[in-house]
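Chain residues, written in single-letter form:
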Amino acid sequence: MAESLSILQSSYSSCFIDAHSHLTDEVFDKDIADVIAEAQRIGVKAALVVSENEAQFNKVISLADRFPEFVLPCLGVHPVQDIENVAAILERHHERLGAVGEIGLDFTPRFCKADDDKTTQKLVFTQQVQLAQKYDLPINVHSRSAGRPTIALLKELGASRVLMHAFDGKPSVALDGVRAGFYFSIPPSIVRSQQKDKLVSQLPLENIILETDSPALGPVKEERNVPANVTISCDYIATVKKIDPKEVRLITTQNAIKLFPKLVKFFAK
Ligand SMILES: [Zn+2]
């Protein structure tokens, strides 16, 4: 991997990766080609497109078929979902997937009404982590109001190739993930949450990746977010860490390629 990274550096040094997005959302149905073209113009080389439930699986795969030079598909369900067919679908598609995701734990009242909801979520999450391990795939992880239990469970399961997206837990809990080798992706909504400055300043750049979570988590609340906005995350991280945005771009892209080796194909030419 080290060798392929050094060969590639010239080709990826001016590129961004969006490591977590929902480009199959219906708000993109009309102009997805323009949204992708705009991202490519500013240097976004690829976006990992995740699913949240089985109903989205076909759309993720079709989008990857339609934009093979930009979309790296990920399949998974979260937080409490029926996973009966997930194993069979991952078996069918695992060779082309960038990761299993998004998967995770969400302990906000919206998704967690009864106490056994937590148990069910952990079970569904565990099964998908194990499927990722079976196919040697990284995982793209959601956690909300569940930072500590998510990281604890991942460590217990021996998961090592982990992206924690839009992490809302304490920096001290995140650093526990860093010690386990996990990566954390920062969305553009960071600009409206000064509270997250602490997280960004404490996370080593070597563990940070860029994401947008488009169409959610944009710089302006309620406004549609797009992959081109990874630059906003990049610039903000650079400001907090008092370093050059170019360094943030280079290291986060390098981190993304390390965690998601299938990104290499986007730099092939
Ligand atoms: Zn998401």
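Residues numbered from 1 in each chain as written. Predicted model: local features only at pLDDT ≥ 70, side-chain atom pairs only at ≥ 80, totals over all residues.

Draft legend 1. Looking closely at unusual backbone geometry. Here the bond from His-78 into Pro-79 is cis, since omega is -10 degrees, no more than 30 degrees from zero. Here Pro-79 shows up in the loop between β3 (71-75) and α4 (86-93). Phi at Glu-222 takes a positive value of approximately 75 degrees, unusual for a residue other than glycine. Take Glu-222: it is sitting in the loop between β8 (208-210) and α9 (230-241). A positive phi is found at Lys-242, a non-glycine position, where the angle reads about 55 degrees. With respect to the helices, strands and loops of the structure, Lys-242 is situated in the loop between α9 and α10 (245-259). (Helix = DSSP H or I, 4+ residues; strand = E, 2+ residues; numbered from the N terminus.)

Draft legend 2. Structural context of the sheet that holds β3. If you trace the 8 strands from one edge of the open sheet to the other, you get β1-β2-β3-β4-β5-β6-β7-β8, paired in parallel fashion. In this open sheet, the two edge strands, each paired with only one partner strand, are β1 (16-21) and β8. Going across the sheet, the axis of each strand differs from the next one's by a mean of 30 degrees, ignoring polarity. Bridge count between β3 and strand β4 (residues 99-106): 2 bridges; the pairing is parallel. Paired with Cys-74 across the two strands is Ala-99, which belongs to β4. Its contacts with the sheet put α10 on β1, β6 (162-165), β7 (183-186) and β8, and the angle it makes with β8 is roughly 95 degrees. (Pairing = 2+ DSSP bridges. Axes fitted to C-alpha atoms, helices over the stretch in contact; angles between N-to-C directions. Contact = placed C-beta atoms within 7 Å.)

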